[in-house]
Amino acid sequence: MPSGTTSDEAVRGRRTDEVWILGAAGRIGRAVAGRLVAQGVVPVLVGRDEERLRTAGAALGPDAGPRTVVAGTAERIAAEITRQRPSVVVNTIGDYAATGTLIARACMPGGHYVDLAADLTAIPLLLGLHQDARAAGSTLVTGAGFGVLATEAVVATLCEGRPTPHEVRVDALASVAVEAGAMGTAFALSVVDVLTTGGRRYENGRLVRARIGGSPQHLSLPDGQRVRSAGVPAGELVAARLASGAPSVTVTSALAPASPGVRAVLPLLGTLLSVPTLRRLAVRRMARMTGRATPRPRQHSWGHAVVTWSDGTSREGWLRAGDGMDYTADVATETALRLARGEAEPGAYTPTAAFGPALATAAGGEFVSG
């Protein structure tokens, strides 16, 4: 080792230039892999099923020839990351509260990490690694998907050059086409996590309980369509709070149940699913549920924010995207490419905090007036 070189610096110097996709056989993993190949980056495909990984690799084209890593648990994946030292890891396997910090720590020192977390447990946990990531020269980005970026980018744009607002409401209005086949474990976990967390909002700077499915909205979209949304405990809440500094923040989602009857039973369902045995059973059964392919219900997905200041001044903004899942893949891809190029400071961030609101348009979104 050269004189004056620390052991951490030596490890960083041996790091490969590979981009790993965890959960590469899933819908988002496959989409990110295809987008990276189109940009001239052949990723390493990581998952637990060798046959599915080979199929995903073959779909990338005869000239891609991606390498695969078979690892069945988050712990095994973390061990392989520590051993093989990829430059960037894209985590699409879900259950981010359990997998996020484990895998992000394996990327350090010097490696970078991005995930698609959208819940109120996983995002704060990952952001809590900020100082460790700074010291390790690693950049960690959480929430790199439609909901978080499409709303926080609007909030950041509305607040730019203005004093801290008093109140912010964001609405994540995804429109998603459903693929035929099983729901899958990652999505099942996300649904159960929402139900067990229960509703939340920021009030006077504190995260407090709120009724899940509360604060129903009936929104007129800029393209003339209408959509209903309701309150959920989503990661957009944390991102909007950080982007604005507002003491009062609420979030609604078009994916939340809007029916009064369904909303009435959600608290009881969440309590039942908090029992570990019932939670595991529900996740297993939901993951195996199959459905038919259905088109997205609206042409566009929308991120929406209303920002209000203490003097009563209010500003409203929108971000338009296509299919919410496709946009998530675009966001994850753009984030991974920027991390590979070293375009963000070391630390742990939400997407806009790492790269600014322009990331939302670089990924294919468009800011529009109401």
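Residues numbered from 1 in each chain as written. Predicted model: local features only at pLDDT ≥ 70, side-chain atom pairs only at ≥ 80, totals over all residues. Heavy atoms only, no water.

Draft legend 1. Main features of the packing of helix α4 (residues 74–84) against helix α5 (residues 96–107). Running from N to C, α4 and α5 point in directions that differ by 15°, and their axes come no closer than 8 Å. As summarised for this structure, α4 and α5 are arranged roughly parallel, according to the angle between their axes. The crossing of α4 and α5 is right-handed. Of the residues in α5, those in contact with A74, E75, I77, A78, I81 and T82 of α4 are T99, L102, I103, A106 and C107. When the residues that make up the contact of α4 with α5 are grouped by side-chain class, the tally is 8 nonpolar, 2 polar and 1 charged. (Axes fitted to C-alpha atoms, helices over the stretch in contact; angles between N-to-C directions. Helix = DSSP H or I, 4+ residues; strand = E, 2+ residues; numbered from the N terminus. Parallel < 35°, antiparallel > 145°, perpendicular 65-115°, else oblique. Left-handed = near helix turned anticlockwise from the far one by under 90°. Contact = heavy atoms within 4.5 Å. Nonpolar A, V, L, I, M, F, W, Y, C, P; charged D, E, K, R; others polar.)

Draft legend 2. Representation of the pattern of salt bridges within the structure. Within the structure shown, the criterion is met by 13 salt bridges. A salt bridge links E50 to R54, with the shortest nitrogen-to-oxygen separation between them at 3.3 Å. Highlighted residues: E50 and R54, both in helix α3 (residues 50–58), separated by 4 residues, approximately one helical turn. Overall, the relative accessible area of 44% leaves E50 in the partly exposed class. For E80, the salt bridge identified is with R83, shortest N-O distance 2.8 Å. Of this pair, E80 and R83 both sit in helix α4, 3 residues apart, which is roughly one turn of that helix. Classification of E80 by relative accessible area gives buried; the value is 9%. (Salt bridge = Lys/Arg side-chain N within 4 Å of Asp/Glu carboxyl O. Buried < 20%, exposed > 50% of the residue type's maximum accessible area, 1.4 Å probe, protein only.)

Draft legend 3. How the structure looks around the side chain of T151. One can find T151 in helix α8 (residues 146–159). If near-sequence neighbours (up to four positions away) are discounted, T151 is found in contact with F146, V170, D171, A172, E236, G303 and H304.

Draft legend 4. Structural detail: the pairing of strand β16 (residues 314–321). The pairing of strand β15 (residues 301–308) with β16 spans 8 bridges and is classified as antiparallel. Paired with T308 across the two strands is S314, which belongs to β16. Counted between consecutive antiparallel strands, the loop separating β15 from β16 contains 5 residues, among which G312 sits at a positive phi close to 95°. For β16 and strand β18 (residues 366–368), the ladder comprises 3 bridges, and the chain directions are antiparallel. Note on β18: the bridge partner recorded for L319 is F367. (Pairing = 2+ DSSP bridges.)

Draft legend 5. Spotlight on the pairing of strand β1 (residues 19–22). Across the two faces of β1 the burial is the same, with V19 and I21 and W20 and L22 all buried. In the sheet, β1 pairs with strand β4 (residues 88–91) via 4 bridges, with the strands oriented parallel. Note on β4: the bridge partner recorded for W20 is V89. The pairing of β1 with strand β2 (residues 44–47) spans 3 bridges and is classified as parallel. Paired with W20 across the strands is V44, a residue of β2. The handedness of the β1 to β2 crossover, carried by helix α2 (residues 27–38), is right-handed. (Right-handed = clockwise from strand over helix to strand, strands pointing away.)

Draft legend 6. Representation of the sheet that holds strand β3 (residues 68–70) in the model. In spatial order, the strands read β3-β2-β1-β4-β5-β6-β17; together these 7 strands make up an open sheet with parallel pairing. The open sheet has two edge strands, β3 and β17 (347–349), and neither has a second partner. Taking the axes of each pair of neighbouring strands and ignoring which way they run, one obtains an average angle of 15° across the sheet. As paired elements, strand β5 (residues 112–115) and strand β6 (residues 139–141) share 2 bridges and run parallel to each other. Within β6, the position partnered with V114 by the bridge is V141. Each of β1 and β2 is contacted by α2, which is oriented at about 160° to β1, the strand it contacts most.

The quantities given are spatial measurements derived from coordinates; they are silent on function.
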